[in-house]
Amino acid sequence: GGEGPLSGRRFVVTAGPTHEPLDPVRFIGNRSSGRMGFAVAAALAEAGAEVDLVAGPVHLATPHGVRRHDVGTAREMHRAVMACIDGADGFVGVAAVADYRPASEAGDKIKKSAESMAVELVPNPDILADVAARNDRPAVVVGFAAETRDLENAARGKLEAKKLDLVAANRVGKDLGFDSEDNALEVFSAGRHWALSPKAKTALARELVAIIAERMLERESR
Ligand code: C5P
């Protein structure tokens, strides 16, 4: 932690994809680069917060002043978050967590055969929903929503269903959002809406953190 509007506050941030193993050499994953989550962690640290960053498999340098915890699967990410969430003032779930994982992981490499094959998938824990449902939940809980359509409805649905303070929604598609340098965000709270125009993820993260800091102060003055 350092000087700034979030001085004395601790945040837990998730970032990146998760990899869900099928066998020792294969996994199910997604195109998340981790850049948005790392930018949010960096911006929180710049604003003076102490930051625990739980990162899936990404190729990114650890932002200055951030404590990093590397994980592979959604279940490992869940465990790592729960291990550091106690007493946190904020949680920002930016990770593109796999909703499902293979029901079992083969001990040996799966062999090719002429037959088609099916993979059974089972649901992963929802890290964000579990954090928000805690009795001693952080004062500010923020989710991300990457959507290809119907952004506002999806975001507002998530706000309610997962009991969040803020949802940052972005459009994803072929050349947008996930594996790119730039992004645009629409941020929703129960009563407000902010449209953050397309810009570098680092700049966008600072704008989001300003909204988070404002929200934190509002909570504390009530
Ligand atoms: O419902 P959906 O998966 O689209 O919600 C996205 C939000 O929930 C993101 O903030 C993401 O980090 C979080 N999430 C999570 N654990 C999951 C699935 C999503 O923390 N298993």
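Residues numbered from 1 in each chain as written. Predicted model: local features only at pLDDT ≥ 70, side-chain atom pairs only at ≥ 80, totals over all residues. Heavy atoms only, no water.

Regarding unusual backbone geometry
With phi around 55°, aspartate 150 is a residue other than glycine that occupies positive phi space. With respect to the element layout, aspartate 150 can be found in the loop between strand E9 (140-147) and helix H4 (151-161). Overall, the relative accessible area of 43% leaves aspartate 150 in the partly exposed class. Unlike most non-glycine residues, lysine 163 shows phi in positive territory, near 55°. As for its position among the elements, lysine 163 is in the loop between H4 and strand E10 (166-171). On the basis of relative accessible area, lysine 163 is assigned to the exposed category, the value being 55%. (Helix = DSSP H or I, 4+ residues; strand = E, 2+ residues; numbered from the N terminus. Buried < 20%, exposed > 50% of the residue type's maximum accessible area, 1.4 Å probe, protein only.)

Considering the site of the ligand
The environment of the ligand is made up of Gly93, Ala95, Val97, Asp99, Pro125, Asp126, Ile127, Leu128, Gly143, Phe144, Lys158 and Lys162. Contact between the ligand and isoleucine 127: a nitrogen atom at 3.0 Å from a main-chain N or O atom of the residue. The contact in question runs from an oxygen atom of the ligand to an N or O atom on the backbone of phenylalanine 144, over 2.8 Å. Relative to its unbound accessible area of 450 Å², the ligand is 85% covered by the protein chains. One can see that the ligand is located within the largest pocket. When contributions to the shell around the ligand are tallied by element, the ones reaching two or more residues are helix H3 (127-132) and E9. (Near = heavy atom within 4 Å. Polar contact = N/O pair within 3.5 Å; in protein donor to acceptor, adjacent residues only side chain to side chain. Areas by Shrake-Rupley, 256 points an atom, 1.4 Å probe, with all protein chains shown as cover. 1 Å grid on protein atoms, 1.4 Å probe; cavity = no way out; pocket = protein on both sides within 12 Å on 5 of 7 lines; lining within 4 Å. Sits in = over half its atoms within 2 Å of the grid points.)

Topic: the nonpolar core
If you look at the biggest cluster of nonpolar residues, it comprises 38 residues, and the most contacted ones within it are Val40, Leu44, Val92, Phe144, Leu185 and Val187. Those elements that provide at least two residues to this core are strand E1 (10-15), helix H1 (35-46), strand E4 (50-55), E9, E10, strand E11 (182-188), strand E12 (193-200) and helix H5 (201-221). When near neighbours in sequence (up to four residues on either side) are disregarded, valine 40 contacts Val13, Val92, Val94, Phe144, Ala205, Leu208 and Val209. Core analysis: the second largest hydrophobic core is formed by 24 residues, Met77, Phe91, Ala155 and Phe188 among them. (Core = buried A, V, L, I, M, F, W, Y, C linked by side-chain atoms within 4.5 Å. Contact = heavy atoms within 4.5 Å.)

As for the UniProt feature "binding site: CTP" (unreviewed entry) in the protein chain
The sites that carry the UniProt feature "binding site: CTP" (unreviewed entry) are, in the present numbering, Asp99, Lys109, Pro125, Asp126, Ile127, Leu128, Phe144, Lys158 and Lys162. With a sequence span of 64 residues, these residues are also far apart in the fold, their greatest C-alpha distance being 37.9 Å. Set against the largest pocket, the annotated residues that line it come down to Asp99, Pro125, Asp126, Ile127, Leu128, Phe144, Lys158 and Lys162. With respect to the secondary-structure elements, aspartate 126 resides in the loop between strand E8 (121-123) and H3. Using a relative accessible area of 31% as the deciding quantity, one classes aspartate 126 as partly exposed. At 3.2 Å, the side chain of aspartate 126 and the backbone nitrogen of leucine 128 are in polar contact. Along the chain, the position of lysine 162 falls in the loop between H4 and E10. The exposure class assigned to lysine 162 is partly exposed, which follows from its relative accessible area of 22%. (UniProt positions renumbered as here; feature names shortened; annotations may be inferred.)

Quick word on the layout of surface pockets
By volume, the largest pocket amounts to about 750 Å³. The wall of the largest pocket is formed by 37 residues, among which Val94, Ala95, Ala96, Val97 and Phe144 lie closest to the centre. Of all elements in the fold, only H1, strand E6 (90-93), H3 and E9 reach the threshold of two or more residues within the lining of the largest pocket. For the lining of the largest pocket, the element with the most residues is E9, which contributes 4 residues. (Points joined across faces, edges and corners; volume = space filled by probe spheres on them.)

Overview of the side chain of histidine 78
With respect to the element layout, histidine 78 can be found in helix H2 (residues 74-84). Owing to a relative accessible area of 18%, histidine 78 belongs among the buried residues under this scheme. In terms of polar contacts, histidine 78 uses its side chain to reach the side chain of aspartate 130, at 2.8 Å. Not counting chain neighbours up to four residues away, the residues in contact with histidine 78 comprise Pro125, Ile127 and Asp130.

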